[in-house]
Amino acid sequence: WSCTSPAANTPGMLVAVAAGACRRAPLERPAFELRLVAGEPNVGLDPATASTALSIAGMELLHEPLAECGPDSRPVPALAESWSTNATATRWTFQLREGLRFSDGSPLTAGDVEFSFRRMMAAPLWKSRLDAVTGIATPDARTVVIAFARPMPEFLDLPGGQIGYFVVSRRACADGREPALHIRY
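All chains use their own residue numbering, which begins from 1 and follows the written sequence. Side-chain atom pairs in this predicted model are given and counted only at pLDDT of 80 or more, local residue features only at pLDDT of at least 70, and totals for whole chains, interfaces and linings cover all residues. Where side-chain values are given, they derive from all heavy atoms of the structure, hydrogens and water being excluded.

Visitor: Hey, could you run me through helix H1 (residues 53–62) in this one?
Guide: Quick reminder: α-helices carry 3.6 residues per turn. Residues three or four places apart thus point the same way. The cut-offs for exposure are 20% and 50% of the maximum accessible area for each residue type, with area from a 1.4 Å probe on protein chains only; residues under the lower value are buried, those over the upper are exposed, and the others partly exposed. Secondary structure elements are taken from DSSP: a helix is a run of H or I of four residues or more, a strand is a run of E of two residues or more, and numbering for both begins at the N terminus. Most of H1 sits out of view: seven of its ten residues are buried. Leu54, Ser55, Ile56, Ala57, Gly58, Met59 and Leu62 are the residues of H1 that are buried.

Visitor: Teacher, can you tell me more about the pairing of strand S10 (residues 143–148) here?
Guide: On any regular strand, side chains alternate: one points to one face of the sheet, the next to the other face. Within S10, five of the six residues are buried, leaving the element largely enclosed by the surrounding structure. Bridging between strand S7 (residues 91–96) and S10 involves five bridges; their strand directions are antiparallel. From the neighbouring strand, Thr93 faces S10, where its bridge partner is Val145. A pair of strands counts as paired when DSSP detects no fewer than two bridges linking them. Where strand S9 (residues 133–140) meets S10, five bridges bridge the pair, whose relative direction is antiparallel. Looking across to S10, one finds that Ala137 is bridged to Val145. Linking two consecutive strands that pair antiparallel, namely S9 and S10, is a turn of two residues.

Visitor: Please explain the nonpolar core as it appears in this structure.
Guide: Nonpolar side chains in soluble globular proteins tend to end up buried together. We define the nonpolar core as a collection of buried residues of types Ala, Val, Leu, Ile, Met, Phe, Trp, Tyr and Cys that are connected through side-chain atoms lying within 4.5 Å of one another. Grouped together as the largest cluster of nonpolar side chains are 29 residues, with contacts concentrated most on Phe94, Phe117, Ile146 and Phe155. Every element with two or more residues in this core is listed here: S7, helix H2 (110–122), helix H3 (124–130), S9 and S10. Ranked by the residues each element gives to this core, the list is headed by H2, at four residues. The contact criterion used throughout is that any non-hydrogen atoms of two residues lie within 4.5 Å. Once you skip the residues sitting within four places of it in the chain, Phe94 turns out to touch Leu66, Ala80, Ser82, Trp83, Arg142, Thr143, Val144, Ile146, Phe155 and Leu156. Of all hydrophobic cores here, the second largest spans six residues; its members include Leu45, Ala50, Ile56 and Leu62.

Visitor: Even after reading the chapter, I still don't get the side chain of Asp112, so can you show me in this structure?
Guide: Secondary-structure assignment places Asp112 in helix H2. Think of it this way: Lys and Arg go in the positive column, Asp and Glu in the negative one, and His and the chain ends go nowhere. Each reported salt bridge corresponds to a side-chain nitrogen of Lys or Arg within 4 Å of a carboxyl oxygen of Asp or Glu. Although buried, Asp112 forms no salt bridge, and the nearest oppositely charged side chain, Arg170, lies 4.1 Å from it. Excluding anything up to four places from it in sequence, Asp112 contacts Phe102, Pro107, Val167, Val168, Ser169, Arg170 and Arg171.

Visitor: Explanation requested: the packing of aromatic side chains in the structure shown.
Guide: Classification of ring pairs rests on two measures: the distance between centres of Phe, Tyr or Trp rings, Trp counted by its six-membered ring, which must be within 6.5 Å, and the angle between planes, read as stacked under 30 degrees, edge-to-face over 60 and tilted in between. Evaluated as defined, the whole model comprises eight aromatic pairs. Between the aromatic rings of Trp83 and Phe94, the centroid separation amounts to 6.3 Å while the plane-to-plane angle is 45 degrees, which identifies the pairing as tilted. A residue pair is termed long-range when its members are at least 10 positions apart, and Trp83 in strand S6 (residues 80–85) and Phe94 in strand S7 qualify at eleven residues. For Phe94, a relative accessible area of 0% corresponds to the buried category. Following the ring pairs from residue to residue traces out a cluster consisting of Trp83, Trp92, Phe94, Phe117, Phe148, Phe155 and Tyr165.

Visitor: Can you help me understand the sheet that holds S9 in this one?
Guide: In sheet architecture, strand pairing relies on hydrogen bonds along the backbone and comes in two forms, parallel and antiparallel. The four strands lie next to each other as S6-S7-S10-S9, forming an open sheet whose pairing is antiparallel. Only two strands of the sheet have a single partner each, and these edge strands are S6 and S9. Across the sheet, the axes of successive neighbouring strands diverge by a mean angle of 20 degrees, strand direction being ignored. The pairing of S6 with S7 spans five bridges and is antiparallel. Looking across to S7, one finds that Ser84 is bridged to Thr93. Along the sheet, H2 contacts S7, S9 and S10; its crossing angle with S9, the most-contacted strand, is approximately 165 degrees. Axis lines are fitted to C-alpha atoms, over the contacting stretch for helices. Their N-to-C directions set the angle, which ranges from 0 to 180 degrees.

As far as function goes, none of this settles anything; it's purely spatial.
Below is the structure:
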């Protein structure tokens, strides 16, 4: 597929081009082309390693977090339809929305959330943000329980600004693909 847009070449503009607006080209080309234009380097679209504003803007188009920042700056549901903490805020339990799928059609499960958090915990970018995590359990396909060594009432506020706890496909990473598969509701 080949996608073009006059705005895609405008400095300072962020342009996402949907596959439906593309014309067919040889099969060896990607299904769509995403052009991000800014005055800084793109360090990739992997949530475990990318940290520049340009990379984060691209990740926000391709990945979903457990929760997002609402209009009043409080967390609102995204992949997680709800969450709760124990009395000491040392254990957070997330209930995922039913029927979530990655763009390749595979289901998004609690195992993908656990995999994503373990990838982030192993990455230098996230070590200090997630150093208090002592365990992650997935009692069923839609439930994730994250345990902490100390009270973490601010857990959903930790990413700050534009960085979220994005979930990637365990299957895509196991197949050696870039973890940039988006999620379908």
